[in-house]
Amino acid sequence: MTDRDVTHTVETVPLARLPSGRTVETVLHRYLGDPDGPTVYLQALQHGGEVNGAAVLRRLHDRLTESALAGEVLAVPVANPFAFDHRVYMAPTRLDAINSNMNRLWPGDPDGTLMERLVDSLWQRAAGADAIVDLHTGGPYMRSHTRFTPDDSRSRDLARAFGLDLIVADGSPIENPDTGGQGKLREMAAAAGIPAITPELAHSREIVDASVDRGVAGIENVLVELGVIDGLLQTGEPTVGTEKTPLFTEESGLFRSNDLSVGDRIDAGTEIGEVFDPTSYESLQTIVADRAGMLLSLNRGSTVMEGESIGSLITIE
Ligand SMILES: [Zn+2]
């Protein structure tokens, strides 16, 4: 690796034009080291409340400007200003009633709705990368993990390098209509041949240092794995989850979960909880695990609608 100074520049990326004529922009940081190296695209805050990703990139800024880099790192701390500024998960439907969840729209569309145009602007920057890390966080009812697209060994290697102790195969490349990609950035990247991962760090809506620490260490690990920075990989052998499936309720009512926690290993037939009628007090459904696995996420005490997911289960490889 050549020991040369890093050139840090800030680019303003136009995302969309609002009815008032105002252009909404976001900021992309470029850290250019030795040009003879890979390009890595980092992004946070596709979902408005997932604030720890932006804190990770802020902390990483100092590390990147003080390091010798082989290649280039691109970082977008606020990918979705519409959701972030409104302090909500998705873009307000008053701005885009059709496509409010940004992470179902990749690669976007320059002639599409507001959010499709926003995604297209960012995909233009991400599509040239050699690897992508899309930082997300789960709520308190999701076990921290890193997602990779199945049958993509380079993405799986990156997920392992990131260093969380659980990695989960999820989704499918967008180019494969038979298996139905959902329009996530990670799936689009897989279709374009770019290894990509989605760390789901702990805690949404509040900056939590432990979560930020994990995120910074994870990205440093990824950059070491890719040869962008020098260092030692700080990872162990993770548990691998596959076949992520939602746990559905067939009834509307109130869901009461049994004494289970996310991350618990459960047997086939384990009762997850019940849905009851809040007016008649009648138990409407017992939700049962159809196979052995690990509880990846679990709602508690929530008002549920028929056909909705109350959590998710993964099979442990
Ligand atoms: Zn998210």
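Note that this is a predicted model, so its numbers are computed, not measured. Per chain, the residues get numbers from 1 upward, laid out in the order the sequence is written. Only residues with pLDDT of at least 70 get local features here, since the model is predicted, and only at 80 or more are side-chain atom pairs given and counted; chain-wide, interface and lining totals rely on the full set of residues. No hydrogens and no water enter the side-chain calculation; it runs on all heavy atoms of the structure.

Okay, the overall build of the protein next. Regarding its fold elements, the protein presents 6 helices and 16 strands. Taken against the 2.2 N^0.38 rule, which gives 20 Å for 317 residues, the C-alpha radius of gyration of the protein at 20 Å falls within 12% of a compact globule. Here the C-alpha coordinates of the protein stretch approximately 70 × 50 × 40 Å along the principal axes. Partly exposed describes any residue whose relative accessible area lies between the buried limit of under 20% and the exposed limit of over 50%, with all areas from a 1.4 Å probe on protein chains only and scaled to the type maximum. The buried share of the protein, taken over its 317 residues, is 50%. Pairs of residues are marked as contacts when any of their non-hydrogen atoms sit within 4.5 Å. Counting contacts in the protein only where the partners sit at least 6 residues apart, residues at least 24 apart contribute 67% of the total. Using a 1.4 Å probe, accessible areas were evaluated by the Shrake-Rupley method; residue-level cover was limited to the displayed protein chains. Within the structure as shown, the protein displays about 14,400 Å² of accessible surface, and the carbon and sulfur contribution to it stands at 46%. Think of it this way: Lys and Arg go in the positive column, Asp and Glu in the negative one, and His and the chain ends go nowhere. Charged groups are reduced to one reference atom each: NZ for lysine, CZ for arginine, CG for aspartic acid, CD for glutamic acid. For the protein, the centre of its 26 positive side-chain charges and the centre of its 48 negative side-chain charges are spaced 4 Å apart. A run of H or I in DSSP becomes a helix once it reaches four residues, and a run of E becomes a strand once it reaches two; helices and strands are each numbered from the N terminus. With C-alpha atoms as the basis for the radius of gyration, the globule rule is written as 2.2 Å multiplied by the number of residues raised to the power 0.38.

Attention now moves to the side chain of Ser-67. Within the element layout of this structure, Ser-67 appears in the loop between α1 (52-66) and β4 (70-76). Any N or O atom pair separated by 3.5 Å or less is treated as a polar contact, with the protein-specific requirement of one donor-capable and one acceptor-capable atom, and with residues adjacent in sequence counted only for side-chain atom pairs. A distance of 2.4 Å separates a polar atom in the side chain of Ser-67 from the backbone oxygen of Arg-63.

Side-chain atoms within 4.5 Å are what join buried Ala, Val, Leu, Ile, Met, Phe, Trp, Tyr and Cys residues into a set we call a nonpolar core. Formed by 34 residues in total, the largest nonpolar core has its most connected members in Leu-42, Leu-135, Phe-162 and Ile-219. Put simply, the parts of the chain that give this core at least two residues each are β3 (34-44), α1, β4, β5 (131-137), α4 (153-162), β7 (166-169), β8 (196-201) and α6 (209-225). Broken down by element, the residue count for this core peaks at 6 residues, all from α6. Core analysis: the next-biggest nonpolar cluster, separate from the first, contains 29 residues, Val-76, Trp-106, Leu-114 and Trp-123 among them.

The next thing to look at is the domain arrangement of the protein. In terms of domain boundaries, the protein breaks down into domain 1 (7-237) and domain 2 (243-316). Domain ranges listed in this record stem from an automatic or a database domain assignment. Distance from the C-alpha centre of domain 1 to the C-alpha centre of domain 2: 30 Å. With 9 residues of domain 1 in contact, the opposing surface of domain 2 contributes 10 residues. With both chains or domains summed, domain 1 and domain 2 bury close to 780 Å², and 68% of this area falls on carbon and sulfur atoms. The three residues of domain 1 that bury the most area against domain 2 are Tyr-141, Arg-143 and Leu-166, which together make up 58% of that side's buried surface. Think of a salt bridge as a Lys or Arg side-chain nitrogen and an Asp or Glu carboxyl oxygen that are within 4 Å of each other. Counting the contacts that link domain 1 with domain 2 gives 1 salt bridge. The partner of Lys-244 in a salt bridge is Asp-170, and the shortest N-O contact between them spans 3.8 Å. Elements supplying a minimum of two residues to the side of domain 1 that touches domain 2: β6 (145-148) and β7. The leading source of residues in the side of domain 1 that touches domain 2 is β7, at 3 residues. Taken together, the residues of the side of domain 1 that touches domain 2 sort by class into 5 nonpolar, 1 polar and 3 charged. Two parts placed together each lose some accessible area under a 1.4 Å probe, and the buried area is that loss summed for both. In the scheme used here, Gly and all other residues not listed as nonpolar or charged are polar, with Ala, Val, Leu, Ile, Met, Phe, Trp, Tyr, Cys and Pro taken as nonpolar and Asp, Glu, Lys and Arg as charged.

What follows concerns unusual backbone geometry. For residues besides glycine, phi is generally negative; the peptide bonds are generally trans as well. In this chain, Trp-106 is followed by Pro-107 through a cis amide linkage whose omega measures 10 degrees. Positive phi outside glycine occurs at Asp-151, with the angle close to 60 degrees. Its place among the elements puts Asp-151 in the loop between β6 and α4. Look at Asp-151 and you get exposed, because its relative accessible area is 85%. In this structure, Glu-243 is a non-glycine residue whose phi angle is positive, near 50 degrees. By the element assignment, Glu-243 lies in strand β9 (residues 239-248). For Glu-243, a relative accessible area of 52% puts it in the exposed group.

With that settled, consider α4. Regarding α4, the residues found buried are Ser-155, Leu-158, Ala-159, Ala-161 and Phe-162. Projection of α4 onto a plane perpendicular to its axis shows the buried side chains occupying an angular sector of 160 degrees, all on one side. Looking at the buried positions of α4, the neighbouring elements they touch are β5, β6, β7, β8 and α6. Phi turns positive, to about 105 degrees, at Gly-163, one or two residues after α4. Throughout, the arc means the angular range of directions from the helix axis out to the C-beta atoms.

Here we take up helix α3 (residues 114-126). The span you would expect from a helix comes to 1.5 Å times its residue count less one. Taking 1.5 Å per residue, 13 residues should reach 18 Å; α3 reaches 19 Å between its end C-alpha atoms and fits that length. With 10 of 13 residues buried, α3 is to be regarded as a mostly interior element. Of all the residues in α3, the buried ones are Leu-114, Met-115, Glu-116, Leu-118, Val-119, Asp-120, Ser-121, Leu-122, Trp-123 and Ala-126.

In this section: the packing of α1 against α6. Between N-to-C directions, angles cover 0 to 180 degrees, with each direction set by a line fitted to C-alpha atoms, over the stretch in contact for helices. Between α1 and α6, the least distance of the axes is 9 Å, while the angle of their chain directions is 55 degrees. Overall, the two elements α1 and α6 adopt an arrangement that is oblique. Seen along the crossing, α1 lies across α6 with a hand that is right-handed. Facing α1, whose interface residues are Asn-52, Ala-55, Val-56, Leu-57, Arg-59, Leu-60, Arg-63 and Leu-64, α6 presents Asp-209, Ser-211, Val-212, Asp-213, Gly-215, Val-216, Ile-219, Glu-220 and Leu-223. Residues belonging to the contact of α1 with α6 are distributed by class as follows: 9 nonpolar, 3 polar and 5 charged. Here is the rule for angles: anything less than 35 degrees is roughly parallel, anything more than 145 is roughly antiparallel, 65 through 115 is roughly perpendicular, and the remaining ranges are oblique. Should the near helix be turned anticlockwise from the far one by less than a right angle, the crossing is left-handed, and should it be turned clockwise, the crossing is right-handed.

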